[in-house]
Amino acid sequence: MKIDRRNKILAGLTIAAFILIVRLFIIQIVDDSYKTDASNNSMVHAVIYPTRGIIYDRNGRILVGNKVAYDMLVTPKEVEEFDTLELASILEVTPDFIREKMNGYYRDRRKIGYRSVVMLSHLPPEIFMKFAEVSYKFPGFRGQARNIRDYPYDAGGNLLGYISEVSADDIKRHPDIYKPGDYIGKTGIEATCEDYLRGEKGYNIYLRNSRNRIETRYKDGEMDKEAIPGNDIVTTIDAELQHYGQELMRNKVGSLVAIEPSTGEILTLVSSPGINVDMLADIGKHYGEIASDPYKPMFNRAVQSSYPPGSVFKLVNGLIGLQEGLVTPDTEYPCRMGYHFGRNKLGCHAHRSPINLEESIMMSCNAYYCYVFRDILESGKHGSVAESMDVWNRYVQSFGFGRKLGSDFPAELGGFIPDSRYYDSVYGKGAWKATTVISLSIGQGEIGCTPLHLANLCATMANRGFYYIPHIIRGTDKVHIDPKYYERQYTMVDTSHFPVMVEGMYRAVNSGYGSGATAAVAAVD
């Protein structure tokens, strides 16, 4: 019995020893991942930043390219005594700047460990070359090449956007993509196309010796990873038109938007005053100056400012009147220097009277659209004034107003179109009527829309009743855009009603002063 028990114990120990030996063989000879993990403390991963994708205009002009700059990295564990004054002179900073940085690294030495941290970014090549010549004097300091943005064509900082170092929130949202010191598109096209433009980081692995100095490449570079460049982006922007728009808006406050109606492609999008492209490559250096500007150059008025649309909105009310059967092209209304209701008057300029629908657009008559709007709300076709107001609201929203259009440009504002609930909350239920909100007839009052909304209205008129969602990026083999940008968005007004309104628009520009045309000064063919 004793012999059997001893044999069983020996057999068990022999099997355990065999398993342990096999496992050690696998770990040490076959699978070197454990060896790699154990060597991590002696390894240095030098990040290779990918080339960010180039941004082109619709005709192949480069709007945003790349140029080389350098980051000055410090590995605090490797730093020895050095001449602070000499280094400050080379890097063109103050000695106090370097002292403050080094003191900070010392305080955070446990957190930093053997990592390298960025002390200075965006060093121009000429400064880095001066450092490289004497780098042997400054162990622990090294330069790292990085591509920064270059702007060969002034297409406007608000449109292009800028990149800057990732924030803690950026890292939290994308921990597998971004690390401290990385850059990310923050605004404009740079933000819209970040996923395509950024590329994928690579790295070279080096080994440290016992004195913590980099000695050689790990496995002769076998484990290194090449950086993958970002994808290039083709925009819908016309660089020449964009530049011309910026010149037109110089020293003015406002915006300018142009859309190709047949595709919804945005040809130009200008916000003035805007961010100078010369500031974009190193936005951090100029951020305080830009942010404190009372004219708010970072505020993109083309998509973020909500304004009453004014007389151009008469087109929408006229089309709703046609669709509802409340007016025809031959319907005439009088105008006696405005629309009179009770003791009140909504004024208008002098012109002949009465006029028909087409002439009302040509002359931009306020009184005509007061009659039309009042008929829309008081005809009884949809019940009460409140119910008719909600029908009007749905018509207006079908033109894209009162909501975000869904463009691919970031920070788009939706605007506002009032409905019965809004006026019930302001005046009380049943305590308001058509004349209470008569200013809506001429695009005033509580209506709010962006310049992008108005440009989209013009595209809808050109298409006689439909639009494509405005967008700024073109689809390519490597860059895919949402299919919604290829789909027609129809209004609730039949296309047959648009020609008379378009003819009125044409006459407003081309009929000449004597006929009462209100936009003849802008005549173009």
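Numbering of residues starts from 1 in every chain and runs along the sequence as written. Only residues with pLDDT of at least 70 get local features here, since the model is predicted, and only at 80 or more are side-chain atom pairs given and counted; chain-wide, interface and lining totals rely on the full set of residues. As a rule here, side-chain values cover all heavy atoms of the structure and leave hydrogens and water aside.

Asker: In this structure, what is going on with the pairing of strand β3 (residues 62-74)? I would like to understand it.
Answerer: Side chains on a regular strand alternate between the two faces of the sheet. Strand pairing is assigned whenever DSSP detects at least two bridges linking the two strands. Here a helix means four or more residues in a row that DSSP labels H or I, a strand means two or more in a row labelled E, and each is numbered from the N terminus. In the sheet, strand β2 (residues 55-56) pairs with β3 via two bridges, with the strands oriented antiparallel. Opposite I55, over in β3, you have V64 as the bridge partner. Hairpin connection from β2 to β3: five residues lie between these consecutive antiparallel strands, with G60 at a positive phi of about 90°. Here β3 pairs with strand β4 (residues 117-123) via four bridges, running antiparallel. Within β4, the position partnered with V74 by the bridge is V117.

Asker: Mind showing me how you'd approach a nonpolar patch on the surface here?
Answerer: Nonpolar side chains (Val, Leu, Ile, Met, Phe, Trp, Tyr) are joined into patches within 5 Å and like charges within 9 Å, using only residues with over 30% relative accessible area and no salt bridge. All accessible areas in this document rest on Shrake-Rupley with a 1.4 Å probe, and a residue is counted as covered only by the protein chains that are shown. When a carboxyl oxygen of Asp or Glu lies within 4 Å of a side-chain nitrogen of Lys or Arg, that pair is called a salt bridge. Together, I9, L10 and L13 make up an exposed nonpolar region whose accessible area comes to about 300 Å². Locating L10 in the fold gives a position in helix α1 (residues 2-30).

Asker: Teacher, can you tell me more about the side chain of D71 here?
Answerer: Note on placement: D71 falls in strand β3. Three labels apply to residues, based on accessible area from a 1.4 Å probe with only protein chains included: buried if under 20% of the type maximum, exposed if over 50%, partly exposed otherwise in between. D71 sits in the buried class, given a relative accessible area of 1%. Residues within four places of D71 in sequence aside, it is in contact with V118, L120, S121, H122, R142, G143, Q144 and R146. Any pair of residues with heavy atoms lying within 4.5 Å of one another is described as a contacting pair.

Asker: So what exactly am I meant to see when it comes to the packing of aromatic side chains here?
Answerer: Any pair of aromatic rings gets described here by the distance separating the centres and the angle formed by the planes. Two rings from Phe, Tyr or Trp (for Trp, the six-membered ring) form a pair when their centres are within 6.5 Å of each other. A pair whose planes differ by under 30 degrees is stacked, one over 60 is edge-to-face, and the rest are tilted. For the structure on display, the rule yields 21 aromatic pairs. Centre to centre, the rings of F313 and F401 are 5.7 Å apart; their planes meet at 80°, and the pair counts as edge-to-face. Placement of the pair is F313 in the loop between α13 (301-304) and α14 (314-323) and F401 in the loop between α17 (385-398) and α18 (420-427), with a sequence separation of 88 residues. For the pair F313 and F401, one class covers both residues: buried. Note on F466 and Y490: the rings are 5.3 Å apart at their centroids and 45° apart in plane angle, and the pair reads as tilted. In this pair, F466 is assigned in strand β15 (residues 466-468) and Y490 in strand β16 (residues 488-490), connecting sequence segments 24 residues apart. The exposure class assigned to F466 is buried, which follows from its relative accessible area of 10%. Classification of Y490 by relative accessible area gives partly exposed; the value is 47%. Linked through ring pairs, Y70, F82, F128, F131, F138 and F141 together constitute an aromatic cluster. A cation sits over an aromatic face here: R488 above F466, 4.2 Å from the ring centre. Look at NZ for Lys and CZ for Arg. If either is within 6 Å of the ring centre and within 35 degrees of the ring normal, a charge sits over the ring.

Asker: I tried to follow the side chain of D408 on my own but got confused; where do I start?
Answerer: With respect to the helices, strands and loops of the structure, D408 is situated in the loop between α17 and α18. No salt bridge is formed by the buried D408, whose closest oppositely charged neighbour, K484, lies at an N-O distance of 8.6 Å. For the purposes of these results, a polar contact is taken to be a pair of N or O atoms within 3.5 Å, where, inside protein, one atom must be able to donate a hydrogen and its partner to accept one; residues adjacent in sequence count only when each atom of the pair is a side-chain atom. Here the side chain of D408 touches I472 through a polar contact of 2.8 Å, landing on its backbone nitrogen. With near-sequence residues (within four places) excluded, D408 lies in contact with T192, P470, H471, I472, I473 and Y485. In this charge count, Lys and Arg are treated as positive and Asp and Glu as negative; neither His nor the chain ends contribute.

Asker: Looking at this model, I keep getting lost on the nonpolar core. Mind explaining?
Answerer: Soluble globular proteins tend to bury their nonpolar side chains together. The biggest cluster of nonpolar side chains holds 51 residues, and the ones touching the most others in it are M389, W392, F401 and M501. Of all elements in the fold, only α14, β13 (338-341), α15 (357-363), α16 (366-378), α17, α19 (451-462) and α20 (498-510) reach the threshold of two or more residues within this core. The dominant element in this core, judged by the number of residues it contributes, is α16, at eight residues. Here, the term nonpolar core denotes a set of buried Ala, Val, Leu, Ile, Met, Phe, Trp, Tyr and Cys residues that are joined through side-chain atoms within 4.5 Å.

Asker: Help me understand the pattern of salt bridges in this model?
Answerer: In a structure, side chains of opposite charge can pair up when their charged atoms sit close to one another. Inspection of every chain in the model, using the stated rule, returns 21 salt bridges. E265 serves as the salt-bridge partner of R58, at 3.0 Å between the closest nitrogen and oxygen. Here the residue R58 occupies a position in the loop between β2 and β3, and E265 occupies one in strand β12 (residues 265-272), the gap between them amounting to 207 residues. A salt bridge links K225 to E200; the shortest N-O distance between them is 2.6 Å. Highlighted residues: K225 in the loop between β9 (214-217) and β10 (233-234) and E200 in the loop between α10 (194-197) and β8 (202-208), separated in sequence by 25 residues. One salt-bridge network, held together by shared partners, links R52, R149, E190 and E194.

Asker: Teacher, can you tell me more about the packing of α14 against α20 here?
Answerer: Packed helices, taken two at a time, are described by the angle between their axes plus the distance between the axes. Here an angle of 0 to 180 degrees is reported between the N-to-C directions of two axes, which are lines fitted to C-alpha atoms, with helices fitted over the stretch in contact. One can describe the packing of α14 onto α20 by two numbers: an axis separation of 10 Å at closest approach and a directional angle of 150°. In terms of orientation, α14 and α20 fall into the roughly antiparallel class. Every pair of crossing elements has a handedness; the one defined by α14 and α20 is right-handed. For the pair α14 and α20, the contacting residues are K314, L315, G318, L319 and L322 in the first and F498, V500, M501 and M505 in the second. What sets the label is the angle itself: under 35 degrees gives roughly parallel, over 145 gives roughly antiparallel, 65 to 115 gives roughly perpendicular, and the rest give oblique. What makes a crossing left-handed is the near helix being turned counterclockwise from the far one by less than a right angle; a clockwise turn instead makes it right-handed.

Asker: So what exactly am I meant to see when it comes to α16 here?
Answerer: For an α-helix, the turn length of 3.6 residues means that residues three or four places apart are oriented alike. By this rule the span expected of a helix is its residue count minus one, scaled by 1.5 Å. Helix length check: α16, at 13 residues, gives a terminal C-alpha distance of 18 Å against a target of 18 Å (1.5 Å per residue), a fit within 8%. Listed in full, the buried residues belonging to α16 are N366, A367, Y368, Y369, C370, V372, F373, I376 and L377. Its buried side turned inward, α16 meets α14, β13, β14 (344-347), α15, α17 and α20.

Asker: Help me understand the environment of E324 in this model?
Answerer: Relative to the helices and strands, E324 resides in the loop between α14 and β13. Counting along the chain gives 57 residues from E324 to K381, while the straight-line C-alpha distance between them is 8.8 Å. Non-local contacts of E324, meaning those with residues more than four positions away in its chain, are made with K381, H382 and Y395.

Asker: Sorry, what's going on with unusual backbone geometry here?
Answerer: For residues other than glycine, phi is negative in most cases, and the peptide bonds are mostly trans. Look at the link from S272 to P273: it is a cis peptide, with omega at -5°. Here the amide bond leading from S353 into P354 is cis, since omega sits at 0°, within 30 degrees of zero. Tracing the backbone shows P354 in the loop between β14 and α15. Residue M337 is not a glycine yet carries a positive backbone phi of 60°. With respect to the helices and strands, the residue M337 is situated in the loop between α14 and β13. On the accessibility criterion, M337 (41% relative accessible area) is partly exposed.

Asker: I would appreciate a short explanation of the environment of D108 in the present structure.
Answerer: By secondary structure assignment, the location of D108 is in the loop between α4 (95-107) and α5 (109-112). For the pair D108 and P76, spaced 32 residues apart in sequence, the C-alpha separation works out to 9.7 Å.

Asker: Which parts of the structure should I look at to understand the state of the cysteines?
Answerer: Chemically, a disulfide is nothing more than a covalent bond linking the sulfur atoms of two cysteines. Cysteine sulfurs are considered disulfide-paired once they come within 2.5 Å of each other. What the rule picks out here adds up to zero disulfides. Just so you know, C348 is unpaired, no disulfide at all, and the nearest cysteine sulfur is the one on C335, 3.9 Å from it. Given the relative accessible area of 11%, C348 is considered buried. Free cysteine: C365, not disulfide-bonded; nearest cysteine sulfur from C335 at 3.7 Å.

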